[in-house]
Amino acid sequence: MKKIKFKKLFHGRGKPHAVLKGRSPTQIICVSFVVVIALGTVLLSLPVASRQGRLGVVDAMFTATSATCVTGLVVRDTWTQFTGFGQLVILLLIQIGGLGLVTLTSFFALAMRRRMGFRDLRLLGESVSADGYAQAKDVLKIVVGLAALFEGVGILLLLFAFVPQYGAEGIWISIFTAISAFCNAGFDLFGRFGAYSSLVPYVNNYYVQAVIIFMIIAGGLGFMVWVELGEWHKKHRLSLHARVVLSFSLLLWIGGAVLLALLEWNNPATMGQLSVPGRVMAALFQSVSTRTAGMNTIDLAACSPISKLLMSMLQFIGAAPGSTGGGVKVTTFAVVILTIRSVAQGRDDCVIADHHIESKTVYRALTIIFIGALAAFGSAVVVYYNTAEVVSVIDCIFESCSAFGTVGLSVGVTGRLNTGAKVLYMLVMFMGRVGPVSLAMSLTAKPDDNKRKIMPVGHINVG
C-alpha cells in the first residue's frame, strides 16, 4: 500500500500533483523557497539553536530568509547568537538557497535513478538556467559537480589559514566560510572579534582575502560560463553570453576597485591607515564582494556618501545569471547599456559584438531594471521614514540595494529595523533571489498569457 502512495506522489496520480497541476516552473520554484524559509524559521527559533534564550519568530524568519536568499543581512551576529546547531542550520539554508531547492532535489532524484518526465525537466531547466529542457539533466550534474569542486578547493585552502589559528575549530570555520563565500551569502563566524566584524580582522591577511575573492568570483560568474572556460582548449571560442559576462564583470571589478581606492585612499577610518598594498587589496576585495558576496574588510559605515552610492550601484547590478548571486544581473545591465549605445548610434535594435539582440530580451532587461529599482528605492524610502532620526538617506539606499541584490553588506541600518521594516526587507530579499520578473510572473501570469493575439499597430512619439 505504501509503495502505491509513493508512486502516486511522484508520477502525478495523487493529490500533491493535483495541487501543482497548472503551476508554472517559476511558481513552483518560488514556493520551494518559501517552504525552505518556513522550515528554517522553525529550526532557528528552537532554544537549541541559540546560545542564550530563544530567538524571536520574526528575527528567526529574517535570518532564515537572508540565508536561503543567500543575502547575509543579519539582525543578530551569527557567531554571538547561534550555537553549532544554529550555525549548521544556517549553512544548510545557504547551500540550498545558493544552488536552489529544485536543483538539489532533482539531483538526488537522478542519483536514485528516478525517471524524470517532461514537466520535471521543464522545472529543472528553469531552475538551472538551461537553454533547453533536453540539456537540463546534463546541466544539473555540471552545477552540482562544479559547486562541490569549488567548495572543496576553498575549504582546503582556508584550512591552511584557520586551523593554525583556531585549532580543530578551524575546520568548521573553513567549511562555513568557503560555502558562504561560494554561495555569495555573506554570513561569517568572526563575531568573536566583535559583533558584525565580518573580515575586518583579516584586512592585512592577503592570503585569506585572495581565497575568498576566488570563491566569490567562482560562485558569481555562473556555472555555464565555467563550463565554457573549461572547454576553451577544445573549441577556442566563447558564446556571446560568456563574453558579455566576463567583459562586464571584469570592467565592474577593476573599475569599482579603482574608484573605491580613489574615494577612500586617504580616509583614516577606512583605508587611510593601511599600507599601499593593503589599500589596493582592500579596494579590490570590496569591489568584488560588493557585487553580491556581503563580506567586508573595512568599516563601511565610515565610507564617504559617494563611496556608498557607488557600492549601492554595484550591489544593484549583482552577479551573472545561473550563478549563486543576486541583483538584476550583469547581463541585464549590459543589455540596457548597449541598447542605449545602439540607439545613440541611430540603430533600431540592440547590437552586441555584431549580434542582433531580440527585442523581447531588451524588454525583459528594462522590466527587470525598473521593478528592481522600484523595490530597492521604494523600500529605502519606507525604511528612511521609519528610522529618519538615526539613519541617513544614503545609508537607507545602501542597505536596500544590499537586500535586493542579496549582497548582505550593512552600514548598520538592519540592526535598527522595526518589525514592519524587517518584513519589508524579507520581501525585497526574496524578490532579489528569485528575480523580479520571475516573481511578478508567478503572481500574475495566466495559462493563456503567452498565446499570440492579433492586435493593431499603435504609434506613440517619444523623446
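Scroll up to find the structure.
Structure report, in brief. (Residues numbered from 1 in each chain as written. Predicted model: local features only at pLDDT ≥ 70, side-chain atom pairs only at ≥ 80, totals over all residues. Heavy atoms only, no water.)

### A short note on the overall build of the protein
- When its secondary structure is counted, the protein shows 21 helices and 2 strands.
- The buried share among the 463 residues of the protein stands at 52%.
- Sequence separation of 24 or more characterises 69% of the internal contacts of the protein that already satisfy a separation of 6 or more.
- Approximately 22400 Å² of the protein is accessible, and the part contributed by carbon and sulfur atoms is 65%. (Helix = DSSP H or I, 4+ residues; strand = E, 2+ residues; numbered from the N terminus. Buried < 20%, exposed > 50% of the residue type's maximum accessible area, 1.4 Å probe, protein only. Contact = heavy atoms within 4.5 Å. Areas by Shrake-Rupley, 256 points an atom, 1.4 Å probe, with all protein chains shown as cover.)

### Overview of the pattern of salt bridges
- Under the definition given, this model contains 5 salt bridges.
- Put simply, Arg76 and Asp59 hold a salt bridge, and the shortest N to O gap is 3.5 Å. With a gap of 17 residues between them, Arg76 in the loop between helix 4 (57–68) and helix 5 (78–81) and Asp59 in helix 4 connect regions that are remote in the sequence.
- Look at Arg76 and you get partly exposed, because its relative accessible area is 32%.
- The shortest N-O distance in the salt bridge between Asp59 and Lys422 comes to 2.7 Å. With Asp59 in helix 4 and Lys422 in helix 20 (residues 419–434), the pair connects residues that are 363 residues apart, well separated along the chain. Lys422 carries the same exposure label as Asp59, and that label is buried.
- Each of Asp59, Arg76 and Lys422 takes part in salt bridges that share partners, so that together they form one network. (Salt bridge = Lys/Arg side-chain N within 4 Å of Asp/Glu carboxyl O.)

### Description of the nonpolar core
- Counting 121 residues, the largest nonpolar core has Ile94 and Phe162 as the members making the most contacts within it.
- For Phe162, the contacting residues outside a window of four places in its chain are Gly167, Gly170, Ile173, Ser174, Thr177, Phe190, Tyr202 and Val208. (Core = buried A, V, L, I, M, F, W, Y, C linked by side-chain atoms within 4.5 Å.)

### Description of empty space enclosed by the protein
- For the coordinates displayed, the defined rule picks out 1 cavity of 30 Å³ or more.
- Put simply, the largest cavity is a space of about 90 Å³.
- Taken together, 13 residues form the lining of the largest cavity, with Ile216, Gly220, Trp253, Arg291 and Ala319 sitting closest to its centre.
- At the level of elements, helix 11 (206–220), helix 14 (240–264) and helix 15 (276–292) are the ones that each hand at least two residues to the lining of the largest cavity.
- Across the lining of the largest cavity, the residue classes break down as 8 nonpolar, 4 polar and 1 charged. (1 Å grid on protein atoms, 1.4 Å probe; cavity = no way out; pocket = protein on both sides within 12 Å on 5 of 7 lines; lining within 4 Å. Points joined across faces, edges and corners; volume = space filled by probe spheres on them. Nonpolar A, V, L, I, M, F, W, Y, C, P; charged D, E, K, R; others polar.)

Remember that the coordinates give geometry; whether it matters functionally is a separate question.
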